[in-house]
Amino acid sequence: MVLKVFFPLCCSSADSGILIGRWISEQNSAVILAVVHFPFIPVQVKQYLGEVQRVTKVSVSVLGSWSNSKQKKEESLSEFLEDLGTIFCHEPWIQISKEGDSKFWSCSTLQKHSKNPQEEEIILVYYDQRKVMLSHLHPPLDTAGQGAEDASKLSAIFDTVARSQVLFMTDRYDEGPIKLTHWQSDGVEASIIVELLKQASVPACMLLAFLLSLLSGICRSRVLKFWPLSFLWSKLSTCEQLGHRLQHLQVISSNKKAQNQNQLMRKANIFVSLLVDVALGILLMSWLYRKNRIGHLADTLIPVADHVAEELQDLLQWLMGAPAGLKMNRALDQVLGRFFLYHIHLWISYIHLLSPFIEMILWYVGLSACLGLTVALCILSDIIALLTFHIYCFYVYGARLYCLKIYGLSSLWRLFRGKKWNVLRQRVDSCSYDLDQLFIGTLLFTILLFLLPTTALYYLVFTLLRLLVVIVQGLIHLLVDLIDSLPLYSLILRLCRSYRLAAGVKFRVLEQQDGKPLRLLMQINPLSYGGVVQTYRLPTYSCYPRDSWASLCKKLFLGELIYPWKHKGDKQN
């Protein structure tokens with residue numbers, strides 16, 4: 001039978017003493033947790049292990065002896081360590097010894113109370129106690145007792161180390177009768193600054209939670225549910241982003257403790273994402289208000305808007321002629337061209353009317369960057385939507401006219417085939433038409449068919465312009481979603497302490513020699529960076545593009561409208 005001994009690397013240089021740990025009989029394995037040094041009193045060791053077992057619910061006991069013979073005068077110590085097996089009475093009694101600076105270790109077992117002692121093959125597995133403790137490959141602590149019963153899983157080893165946290169609170173500097181060596185022997189890992197921040201975070205979180213509850217109550221008030229405010233709140237991406245960040249602040253300031261590792265990582269990722277977002281926003285704000293960049297931006301905005309309007313006028317003049325040598329319906333072409341030119345003149349007047357206030361508006365808008373870079377980007381997206389509102393109007397007019405003709409032609413085509421659309425049953429049924437209906441249908445079909453190329457050309461041009469604006473807004477929202485959803489804390493943890501995000505373990509052979517125990521090194525396999533992003537990615541409120549390519553092409557062909565925003569029903573939780 002194979003005996004597996006899991007030995008911590010931090011104890012390899014410890015002084016001679018006894019090994020304490022847990023014996024897992026189902027796996028025939030011994031998990032060494034610490035080394036108790038000489039001198040000690042056996043009764044005090046038993047009392048201490050009884051207290052640890054009562055607190056941790058782990059059957060911790062003395063499993064054997066450890067001998068680190070650095071000098072020749074300590075060779076007689078092995079006999080004394082062997083006699084300790086009669087005091088603590090554990091079967092089998094494990095003896096591990098290290099001879100000076102040699103890399104070879106000897107590991108043997110004693111079975112004094114067994115009538116038929118059998119020679120066992122021993123596998124000595126080294127593990128990093130700190131990484132195993134913090135890797136979270138063990139079951140949750142509230143269900144650890146149930147998970148440890150399944151002896152066929154390696155999680156029982158991780159569960160034993162994780163639940164023995166109280167044992168690791170005693171270091172070599174404690175004035176007690178027992179001196180231990182474990183992963184925190186040189187001092188318990190702690191930080192005064194972290195502890196002070198923990199104490200100060202409680203009232204700060206309570207105050208922040210109160211303010212956020214007051215703000216969320218105002219946002220849910222009936223005043224914001226009336227038509228103008230509710231419409232703006234649902235359509236402006238800035239309002240959506242502010243509501244999304246408000247939910248993040250409520251999660252962070254919640255007094256409810258995280259129940260598992262995923263909830264803890266989610267809170268940490270949200271907190272780091274908020275810090276990075278605000279830091280980038282402050283950098284952007286400092287850049288904007290330095291060297292009067294706001295004034296330069298306001299001075300260039302009006303000429304750019306005039307240049308865009310002039311280009312649109314040239315485009316409409318080109319469409320009113322013979323675009324690409326196409327024969328257009330002159331009457332409809334002139335009506336549509338003049339209609340759109342009138343809207344451009346209205347838009348130029350509107351821009352010049354706002355020109356004295358643009359610098360002041362941009363100055364106040366720049367202050368919103370202190371709320372985060374994502375808020376500033378959403379404001380930029382809304383500004384682009386407002387500045388290109390005339391293009392959106394052109395697109396809507398062209399799409400509605402094109403859609404009307406497409407549906408008219410499809411209905412008249414069914415008339416030629418003796419069919420009609422049954423509105424009640426939502427299907428196409430047979431129908432008989434008289435001669436007058438067929439004659440009028442033929443005239444209407446001919447008129448719509450010959451007017452369709454002119455309408456389709458205007459619709460195509462304005463749809464391309466609309467798609468250009470939607471693509472720009474989509475890129476901005478993709479950057480916002482990247483900042484909102486990227487698990488920065490998890491990625492930093494994967495880069496600095498990869499064992500905290502463990503995906504499994506692997507074993508590396510250190511020594512394999514006849515007459516010596518097989519020595520293995522257990523290493524933690526970290527998650528890949530793609531796995532970290534996929535596992536801990538934060539949800540976002542928007543997603544571009546909101547339609548698949550097939551659905552988008554269908555909408556373009558039928559003349560349906562393409563919206564740059566998401567509707568309330570599309571919001572992700």
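Keep in mind that what you see is a predicted model, and the values were worked out from it rather than measured.

## A short note on the overall build of the chain
The helix and strand inventory of the chain stands at 19 helices and 12 strands. Looking at the chain as a whole, 42% of its 573 residues are labelled buried. Looking at the chain alone, contacts between residues at least 24 apart form 70% of all its contacts between residues at least 6 apart. Just so you have it, the chain exposes about 32700 Å², and 63% of that area is on carbon and sulfur atoms.

## Considering helix α1 (residues 42-56)
Compared with the 21 Å implied by 1.5 Å per residue over 15 residues, the 21 Å span of α1 between its first and last C-alpha is a close match. Of the residues trailing α1, K57 is marked for its positive phi of about 60°.

## Details of the nonpolar core
Among soluble globular proteins, nonpolar side chains are generally buried collectively. Grouped together as the largest cluster of nonpolar side chains are 38 residues, with contacts concentrated most on V45 and L167. Secondary structure elements with two or more residues in this core: β2 (17-24), β3 (29-37), α1, β4 (60-69), β7 (121-127), α4 (129-134), α6 (155-163) and β12 (518-526). Not counting residues within four places of it along the chain, the set of residues in contact with V45 comprises I18, V36, F40, V62, F88 and I178. Grouped together as the second largest cluster of nonpolar side chains are 20 residues, F7, A30, I94 and Y126 included.

## Regarding the packing of helix α14 (residues 373-387) against helix α16 (residues 435-485)
Running from N to C, α14 and α16 point in directions that differ by 170°, and their axes come no closer than 10 Å. When the axes of α14 and α16 are compared, the pair comes out roughly antiparallel. Across the interface between the two elements, L373, T374, L377, C378, L380, S381, I384 and A385 from α14 touch V469, V472, Q473, I476, H477, L479, V480, I483 and D484 from α16.

## Brief notes about the packing of helix α11 (residues 293-319) against helix α12 (residues 330-354)
Interaxial distance between α11 and α12 falls to 10 Å at its minimum, and their mutual angle equals 175°. Taken together, the axes of α11 and α12 lie roughly antiparallel to each other. Contact with α11, carried on its side by I302, A305, D306, A309, L312, Q313, L316, Q317 and L319, involves D333, G337, F340, L341, I344, H345, I348, I351 and H352 of α12 and no other residues of that element. Of the residues that constitute the contact of α11 with α12, the class distribution is 11 nonpolar, 5 polar and 2 charged.

## Some words on the UniProt feature "transmembrane region" (unreviewed entry) in the chain
The positions that UniProt labels "transmembrane region" (unreviewed entry) are, in the present scheme, residues 200-219, 270-289, 335-354, 361-388, 394-416, 437-461 and 467-492. Across residues 437-461 one finds 100% helix and 0% strand; the C-alpha atoms that close the span lie 35 Å apart.

The rules behind the values
- Residues numbered from 1 in each chain as written.
- Predicted model: local features only at pLDDT ≥ 70, side-chain atom pairs only at ≥ 80, totals over all residues.
- Heavy atoms only, no water.
- Helix = DSSP H or I, 4+ residues; strand = E, 2+ residues; numbered from the N terminus.
- Buried < 20%, exposed > 50% of the residue type's maximum accessible area, 1.4 Å probe, protein only.
- Contact = heavy atoms within 4.5 Å.
- Areas by Shrake-Rupley, 256 points an atom, 1.4 Å probe, with all protein chains shown as cover.
- Expected span 1.5 Å × (residues − 1).
- Core = buried A, V, L, I, M, F, W, Y, C linked by side-chain atoms within 4.5 Å.
- Axes fitted to C-alpha atoms, helices over the stretch in contact; angles between N-to-C directions.
- Parallel < 35°, antiparallel > 145°, perpendicular 65-115°, else oblique.
- Nonpolar A, V, L, I, M, F, W, Y, C, P; charged D, E, K, R; others polar.
- UniProt positions renumbered as here; feature names shortened; annotations may be inferred.

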